[in-house]
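Summary of structural features
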Amino acid sequence: MSTCIYYFTATGNSLYIAKMLGNIIPDSKILSILQSSKKEKTSVEADKIGFVFPLYYGGIPRVVEQFIKKLDIKGNPEIFAIATRGSSTGMLKSQINKLMMPKNLQLNYLTYINMPSNYVRLYDMKGKQENKNIILNAKDEAIKAAHEIETGINKVEKDSVVASLIYKPMYKLWKKSLRRKDTNFTINNDCNRCGTCVKICPVNNIILDDGNPKWLHNCEDCMACIHICPKKAINIGTKTEKRSRYRNPFVDVKEIIDQKITKEDITY
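This section reports on the structure supplied with the text.

The rules behind the values
- Residues numbered from 1 in each chain as written.
- Predicted model: local features only at pLDDT ≥ 70, side-chain atom pairs only at ≥ 80, totals over all residues.
- Heavy atoms only, no water.
- Helix = DSSP H or I, 4+ residues; strand = E, 2+ residues; numbered from the N terminus.
- Expected span 1.5 Å × (residues − 1).
- Buried < 20%, exposed > 50% of the residue type's maximum accessible area, 1.4 Å probe, protein only.
- Salt bridge = Lys/Arg side-chain N within 4 Å of Asp/Glu carboxyl O.
- Pairing = 2+ DSSP bridges.
- Core = buried A, V, L, I, M, F, W, Y, C linked by side-chain atoms within 4.5 Å.
- Contact = heavy atoms within 4.5 Å.
- Phe/Tyr/Trp six-rings, centres within 6.5 Å; stacked < 30°, edge-to-face > 60°.
- Patch = residues over 30% accessible without salt bridge, like charges linked within 9 Å, V, L, I, M, F, W, Y side chains within 5 Å.
- Areas by Shrake-Rupley, 256 points an atom, 1.4 Å probe, with all protein chains shown as cover.
- Lys, Arg positive; Asp, Glu negative; His and termini not counted.
- Charge placed at Lys NZ, Arg CZ, Asp CG, Glu CD.

**A short note on helix H1 (residues 13-24)**
The end-to-end C-alpha distance of H1 is 17 Å, a good match for the 16 Å that 12 residues give at a rise of 1.5 Å each. Within the span of H1, buried status applies to Asn13, Ser14, Leu15, Tyr16, Ile17, Ala18, Met20 and Leu21.

As structure tokens, then:
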């Protein structure tokens, strides 16, 4: 049975899980949501189709939502989703089923896997060893999920009461504020104008203006530029200056950058 696994990642967690699934589920393809989104029309035909992505404010990232809306799904495949999260509760069952309704499909499998959080906007990161322990536990959860998806187990985690009462209004406000999320982004004197932030941004929201990073107010609030900057030169005002940075230690920076690069983007 064929399986397509679409992923979106900012600091490597969701790609790590997607690769775990791809290594276990037979006849599976791992596909970048960012690459696929560049196509004028995206259609897919497989026995199982899944989405792996981080949880944002209890919900689906904007770029993933837009992709699923656009995706033309052929036939009647099993649909699965895995969300990586710090500890937040989620409301993905209702969100994804709403996106699937016009396609006459619904979720067959949904689970959440705890991973190291990267939302440095609100809090500091955990230590390296603690994060590695979290990832090791997540590995076991990913293996379990892969076998359940492979065998066709129907298991969809319900939306929590907390998500319905608290995260639903917070998520709506968050989506409305996305364009302003980069307003307070700054660079310090450690910036070496390497352009890594430009390459890593999933939605091309950063350019170099006279050598300096400039944000274009179309932010995804993913924190990739802040965490992946090799000089730790990017901050949100002053509140992140003393906070640690995070990248999944089992995923290379190049892998994160390459998720948005297609053959057409490569110049020789």
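After that view of the structure, there is still more to cover.
**Notes on the pattern of salt bridges**
Applying the stated criterion across every chain, the model contains 8 salt bridges. A salt bridge links glutamate 220 to arginine 62; its shortest N-O distance comes to 3.2 Å. Pair noted here: glutamate 220 is in the loop between strand S11 (212-215) and helix H8 (224-228) and arginine 62 is in helix H3 (residues 62-70), with a separation of 158 residues, a long-range link. What makes glutamate 220 buried here is its relative accessible area of 3%. Here arginine 62 falls in the buried class, since its relative accessible area comes to 13%. Of the charged contacts, one joins lysine 155 and glutamate 148 as a salt bridge, the two residues approaching to 2.9 Å between their closest N and O atoms. Judged by its relative accessible area of 28%, lysine 155 is partly exposed. You can call glutamate 148 buried: its relative accessible area is 12%.

**Concerning the sheet that holds strand S4 (residues 48-54)**
Taken together, 6 strands build an open sheet; the order of strands is S2-S1-S4-S6-S7-S8 and the sheet is parallel. The open sheet has two edge strands, strand S2 (28-32) and strand S8 (155-156), and neither has a second partner.

**Notes on the nonpolar core**
Membership of the largest hydrophobic core comes to 82 residues, with the highest contact counts inside it found for Phe51 and Phe53. What phenylalanine 51 contacts, discounting residues up to four positions off in sequence, is Tyr6, Phe67, Ile68, Leu71, Ile79, Phe80, Ala81, Ile82 and Met100.

**Points about unusual backbone geometry**
Located in the positive-phi region is methionine 223, a residue other than glycine, with phi close to 75°. Accessibility expressed as a relative area gives 3% for methionine 223, which makes it buried. Positive phi outside glycine occurs at lysine 232, with the angle close to 50°. By the secondary structure assignment, lysine 232 is in the loop between H8 and strand S12 (234-236).

**Considering the packing of aromatic side chains**
Inspection of the entire model under this criterion finds 8 aromatic pairs. A centroid spacing of 5.7 Å and a plane angle of 75° characterise the contact between tyrosine 56 and tryptophan 174, whose relative ring orientation is edge-to-face. Linking tyrosine 56 in the loop between S4 and H3 with tryptophan 174 in helix H6 (residues 161-176), this pair joins segments that are 118 residues apart in sequence. Of the two residues examined, tyrosine 56 and tryptophan 174, each falls in the buried class. We classify tryptophan 174 as buried; its relative accessible area is 2%. Each residue in the set Tyr56, Tyr57, Tyr119, Tyr171 and Trp174 is aromatic and connected to the rest through ring pairs, giving one cluster.

**Brief notes about helix H4 (residues 92-100)**
The complete set of buried residues in H4 reads Leu92, Gln95, Ile96, Asn97, Leu99 and Met100. Tucked into the core, H4 has its buried residues touching S4, H3, strand S5 (72-73), strand S6 (78-85), strand S7 (107-114) and H6.

**Description of the environment of valine 162**
Assignment of secondary structure puts valine 162 in helix H6. Assessed through its relative accessible area of 38%, valine 162 is described here as partly exposed. Considering only alpha carbons, one finds valine 162 and glycine 237, 75 residues apart in sequence, at a separation of 30 Å. Residues in contact with valine 162, not counting those within four places in the same chain, are Thr89 and Tyr167.

**A few points about the environment of cysteine 201**
Following the sequence through the fold, cysteine 201 ends up in the loop between helix H7 (196-200) and strand S10 (206-209). With a relative accessible area of 8%, cysteine 201 lands in the buried category. Along the primary structure cysteine 201 and threonine 183 are separated by 18 residues, whereas in three dimensions their C-alpha atoms are 15 Å apart. Once you skip the residues sitting within four places of it in the chain, cysteine 201 turns out to touch Ile206 and Lys260.

**Some details on a positive patch on the surface**
Judged by side-chain charge, Lys69, Lys98, Lys168, Lys172 and Lys176 come together as a positively charged surface patch. With 3 residues, H6 is the largest single contributor of residues to the positive patch. Within the element layout of this structure, lysine 176 appears in helix H6.

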